[in-house]
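Residues per chain, in single letters:
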Amino acid sequence: MTETVIVLHGLARTHRSVAKLRRAIGAAGYSTWSATYPSMRMGIRALAEHTAERIQKEAPRGPYHAVTHSLGGILVRHMHDLIPFERVVMLAPPNQGSRLASALAGHPLYRWLYGPA
């Protein structure tokens, strides 16, 4: 049975930002899946649903694990009823939110750049 590792990037990034990590996981013998998701255009719940749908359609089958960076870890938490992850490694998830993001949330330029997530 092939195990698949889902590799998710953080806010305002793309799948390219985790490409080296994905290659290393693949070299260790795991099947991998990673894709850019619209992190600056949707809220967290909608992003989680959107990303879970893509994983279900595009990722190789098998038990799922996840390696995430920042917002990717928050999305995995919101996918818990949609994707049965067996193991998850979160790199720098904003568990308590971000003080800087909270301070800048009302600024129009910040909202324009980073969106609703």
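Computed from a predicted model, the values in this text were never measured in an experiment.

**Looking at helix H2 (residues 44-58)**
1) Next: Its 15 residues place the ends of H2 21 Å apart at the C-alpha level, agreeing with the 21 Å of an ideal helix rising 1.5 Å per residue.
2) Next: Within H2, burial applies to Leu 47, Ala 48, Thr 51, Ala 52 and Ile 55. For H2, the angular spread of the buried residues around the axis is 130°, confining them to a single face. Of the residues in H2, the exposed ones pointing more than 90 degrees away from the buried face are Arg 45 and Lys 57.
3) Next: Buried residues along H2 sit in contact with strand S1 (4-8), strand S2 (31-33), strand S3 (64-69) and helix H3 (71-78).

**Comments concerning the pairing of S3**
1) Next: Counting buried positions over the six residues of S3 gives five, a clear majority of the element.
2) Next: Note that S1 and S3 share five bridges and pair parallel. Bridge pairing in S3 links Val 7 to Val 67.
3) Next: Sheet topology places S3 next to strand S4 (residues 85-91); six bridges connect them, and they run parallel. In the sheet register, His 65 faces S4, and the bridge partner there is Arg 87.
4) Next: On the question of chirality, the crossover connecting S3 to the parallel S4 by way of H3 is right-handed.

**Focus on unusual backbone geometry**
1) Next: Phi at Ala 12 takes a positive value of approximately 65°, unusual for a residue other than glycine.
2) Next: The topology assignment puts Ala 12 in the loop between S1 and helix H1 (19-27).
3) Next: Taking relative accessible area as the criterion, Ala 12 reaches 36% and is therefore assigned partly exposed.
4) Next: Of note in the backbone geometry, Ser 70 takes a positive phi value of approximately 50° without being a glycine.
5) Next: One can find Ser 70 in the loop between S3 and H3.

**Some remarks on the nonpolar core**
1) Next: Grouped together as the largest cluster of nonpolar side chains are 19 residues, with contacts concentrated most on Ile 6, Ile 55, Met 79 and Phe 85.
2) Next: When contributions to this core are tallied by element, the ones reaching two or more residues are S1, H2, S3 and H3.
3) Next: One finds Val 7, Val 18, Ile 25 and Val 67 within the second-largest nonpolar core, a separate group that totals five residues.

**Focus on a nonpolar patch on the surface**
1) Next: A contiguous nonpolar surface patch, about 530 Å² in accessible area, is contributed by Met 40, Leu 109, Trp 112, Leu 113 and Tyr 114.
2) Next: For Met 40, the location among the structural elements is in the loop between S2 and H2.
3) Next: Since its relative accessible area comes to 36%, Met 40 is described here as partly exposed.

**Brief notes about the sheet that holds S4**
1) Next: Within the open sheet, the four strands sit side by side as S2-S1-S3-S4. Their pairing is parallel. Looking along the sheet, the strands with just one partner apiece sit at the ends: S2 and S4. Sheet twist, expressed as the average angle between the axes of neighbouring strands with direction ignored, equals 20°.
2) Next: Its contacts with the sheet put H3 on S1, S3 and S4, and the angle it makes with S3 is roughly 145°.

Calculation rules
Residues numbered from 1 in each chain as written. Predicted model: local features only at pLDDT ≥ 70, side-chain atom pairs only at ≥ 80, totals over all residues. Heavy atoms only, no water. Helix = DSSP H or I, 4+ residues; strand = E, 2+ residues; numbered from the N terminus. Expected span 1.5 Å × (residues − 1). Buried < 20%, exposed > 50% of the residue type's maximum accessible area, 1.4 Å probe, protein only. Arc of directions from axis to C-beta. Contact = heavy atoms within 4.5 Å. Pairing = 2+ DSSP bridges. Right-handed = clockwise from strand over helix to strand, strands pointing away. Core = buried A, V, L, I, M, F, W, Y, C linked by side-chain atoms within 4.5 Å. Patch = residues over 30% accessible without salt bridge, like charges linked within 9 Å, V, L, I, M, F, W, Y side chains within 5 Å. Areas by Shrake-Rupley, 256 points an atom, 1.4 Å probe, with all protein chains shown as cover. Salt bridge = Lys/Arg side-chain N within 4 Å of Asp/Glu carboxyl O. Axes fitted to C-alpha atoms, helices over the stretch in contact; angles between N-to-C directions.

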